[in-house]
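# Summary of the model geometry
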Amino acid sequence: MVVAASVCSWRPNLAPQLSQNLKRFRVYSSLPPISFSSTRERTLSLIHNSGVIACLRANSAELAFEAASAALRAGISVLEIVMSTPGVFQVLQQLVKDHPTVALGVGTVLNAEDAINAKRAGAKFLMSPATVMGIMDVVLDGEVLYIPGAMTPTEILSAYDAGAKIIKVYPVSALGGTQYISALKKPFAHISMVASQGIMIDSVGDYISCGASSVVLSDAIFNKEAMAQKNFNEIYQLACLANLQGQEAVERKRNYIPN
């Protein structure tokens, strides 16, 4: 991943003081361009290839922008901003403009109205803790990937039958972690799953090897203390490690030859 940086200002219509000392970072991929039938398929491919979805929640738009920029500089290629973040759509619009090649989305989307607004802001994917059928209708055009949440085998199969291309298993740590993913993949080997909730960076490889296509990392990258102190260098370092762990895990899985 080759990264270039240039100074710019914060353009969304937020408070004037937020525009000071912000930087724009553009991430360029060294991978050759790939042709896909839709934006949704490209987003799905990025998720499968990266192994990690960075999940950001912040208490201000400025903090969200800076933290997201740090993670993207570190090579994170799939990132979601949680709906509760102030100015979430404005932050998303600016990040989409600055980083057109990565998959940026919105998380904890619970209704069709928020899904429509996220789509208008440029979200390439939407994620929910449960399956919201109204959101399924919003993404029928194939441009935005919807990742519904599910907990039980019945919920997972129902979401897949409803058209989901990939499903978030949530809350995975409370359900047994890697063992739960491994058990689910036995009957549902054909269903792509994202493991979400309480996952640490050093567990990424275990989840991928047990069958997860990707994992959601929240506090593991956007450490609460680092966020409170605006320590974006620490966030950068954590994101670098997460990105490396995800890519290595995906590569090991691809090269695995069963006995």
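Analysis parameters
Residues numbered from 1 in each chain as written. Predicted model: local features only at pLDDT ≥ 70, side-chain atom pairs only at ≥ 80, totals over all residues. Heavy atoms only, no water. Salt bridge = Lys/Arg side-chain N within 4 Å of Asp/Glu carboxyl O. Helix = DSSP H or I, 4+ residues; strand = E, 2+ residues; numbered from the N terminus. Buried < 20%, exposed > 50% of the residue type's maximum accessible area, 1.4 Å probe, protein only. Axes fitted to C-alpha atoms, helices over the stretch in contact; angles between N-to-C directions. Parallel < 35°, antiparallel > 145°, perpendicular 65-115°, else oblique. Contact = heavy atoms within 4.5 Å. Nonpolar A, V, L, I, M, F, W, Y, C, P; charged D, E, K, R; others polar. Core = buried A, V, L, I, M, F, W, Y, C linked by side-chain atoms within 4.5 Å. Lys, Arg positive; Asp, Glu negative; His and termini not counted. Polar contact = N/O pair within 3.5 Å; in protein donor to acceptor, adjacent residues only side chain to side chain.

Applying the stated criterion to the full structure yields 3 salt bridges. Between Lys-119 and Asp-141 there is a salt bridge, with the nearest N and O atoms lying 2.6 Å from each other. Here Lys-119 is found in helix α4 (residues 112-120), whereas its partner Asp-141 is found in the loop between α5 (133-138) and β7 (145-147), with 22 residues between them in sequence. Here Arg-254 makes a salt bridge to Glu-251, at a shortest N to O gap of 3.9 Å. Taken as a pair, Arg-254 and Glu-251 lie in helix α11 (residues 232-255) at a separation of 3 residues, close to a single helical turn. With relative accessibility at 49%, the residue Arg-254 sits in the partly exposed group.

At a closest axis distance of 7 Å, the pairing of helix α1 (residues 39-50) and α11 adopts a crossing angle of 90°. Our classification of the angle between α1 and α11 gives roughly perpendicular. Taking contact as the criterion, the partners of His-48, Asn-49 and Ser-50 in α1 are, on α11, Gly-246, Gln-247, Val-250 and Arg-254. Split into classes, the residues belonging to the contact of α1 with α11 amount to 1 nonpolar, 5 polar and 1 charged.

We now examine the nonpolar core. One finds Leu-79, Leu-126, Ile-156, Leu-217, Ile-221, Phe-222 and Ile-235 to be the most contacted residues of the largest nonpolar core, which totals 72 residues. Ranked by residue count, the leading element in this core is helix α2 (residues 61-73), at 9 residues. Setting aside residues up to four positions removed in sequence, Leu-79 forms contacts with Ala-54, Ala-68, Ala-71, Leu-72, Ala-103, Leu-104, Gly-105, Phe-125 and Phe-222. Ranked by size, the runner-up nonpolar core spans 15 residues in total, among them Ile-47, Ile-53, Val-82 and Phe-125.

Okay, the side chain of Lys-168 next. Along the chain, the position of Lys-168 falls in strand β9 (residues 166-169). Here Lys-168 sits buried without a salt bridge, and the closest side chain of opposite charge, Glu-80, lies 5.6 Å off (N-O distance). Polar contacts involving the side chain of Lys-168 include one to the main-chain carbonyl oxygen of Ser-128, which spans 3.5 Å.

One can find Glu-80 in strand β4 (residues 78-82). A polar atom in the side chain of Glu-80 sits 3.4 Å from the backbone nitrogen of Gly-107. Sequence-distant contacts of Glu-80, that is, excluding residues within four places in its chain, are made with Ile-53, Ala-54, Cys-55, Leu-56, Gly-105, Val-106, Gly-107, Thr-108, Phe-125, Met-127 and Val-216.

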